[in-house]
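Per-entry structural report
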Amino acid sequence: VLTKTGSSIAKLGVQTLDGHFAPLKKFCSEVRSRRITKLIVEWCARNTRPLNIVVDSGFRELMTFVEPGYTVPSRTHVATTLQRKYDLAKQASEVSDSNEDLDLLPDL
C-alpha cells in the first residue's frame, strides 16, 4: 500500500530503494577542471592571495557549491603550477630583452 508520505511507507515496513544506491557524484570534465584550477592559480597570483587558501574550509565549501564535481587542488599543486608559470614568463622576458639589443638597419 502506497501513501502520500514517505514516512507512512516506512511505518508499513516496506523497503525502499533509497538505501541501496550510492548518490550520484556530480561530474566535472577534465577540461573544465583544468580551467578552474588555472583560474584559481591566476587569482592567487594577481591578487596576492595566500596559496593555502585552497585548504580553507570556506573556500572548499564555496567551490563545492559552485562546481560540485570539481576537486580543489592541493596547496602544493597550486604552488608548483604558479612556479612553472613564473619560470615560463621569466624565460619569455629574457628572450624579449635579448632581442631588444639587436638593431637591424636596411641596406641603402
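Residues numbered from 1 in each chain as written. Predicted model: local features only at pLDDT ≥ 70, side-chain atom pairs only at ≥ 80, totals over all residues. Heavy atoms only, no water.

1. Quick notes on the environment of Leu51
Note that Leu51 resides in the loop between helix H2 (30-46) and helix H3 (57-66). For the pair Leu51 and Leu82, spaced 31 residues apart in sequence, the C-alpha to C-alpha distance is 9.5 Å. Non-local contacts of Leu51, meaning those with residues more than four positions away in its chain, are made with Cys44, Arg75, Val78, Ala79 and Leu82. (Helix = DSSP H or I, 4+ residues; strand = E, 2+ residues; numbered from the N terminus. Contact = heavy atoms within 4.5 Å.)

2. Some points on the packing of aromatic side chains
Following the criterion strictly, the structure yields 1 aromatic pair and no others. For the ring pair Trp43 and Phe59, a centre distance of 6.1 Å and an interplane angle of 5 degrees mean the geometry is stacked. Placement of the pair is Trp43 in helix H2 and Phe59 in helix H3, with a sequence separation of 16 residues. Classification of Trp43 by relative accessible area gives partly exposed; the value is 30%. (Phe/Tyr/Trp six-rings, centres within 6.5 Å; stacked < 30°, edge-to-face > 60°. Buried < 20%, exposed > 50% of the residue type's maximum accessible area, 1.4 Å probe, protein only.)

3. Focus on the pattern of salt bridges
In this structure the tally under the stated criterion is 5 salt bridges. Glu42 serves as the salt-bridge partner of Lys38, at 3.0 Å between the closest nitrogen and oxygen. With Lys38 and Glu42 both in helix H2 and 4 residues apart, the pair spans about one turn of that helix. Using a relative accessible area of 34% as the deciding quantity, one classes Lys38 as partly exposed. On the basis of relative accessibility, which here comes to 15%, the residue Glu42 falls in the buried class. (Salt bridge = Lys/Arg side-chain N within 4 Å of Asp/Glu carboxyl O.)

By themselves, these figures tell us nothing about what the structure is for.
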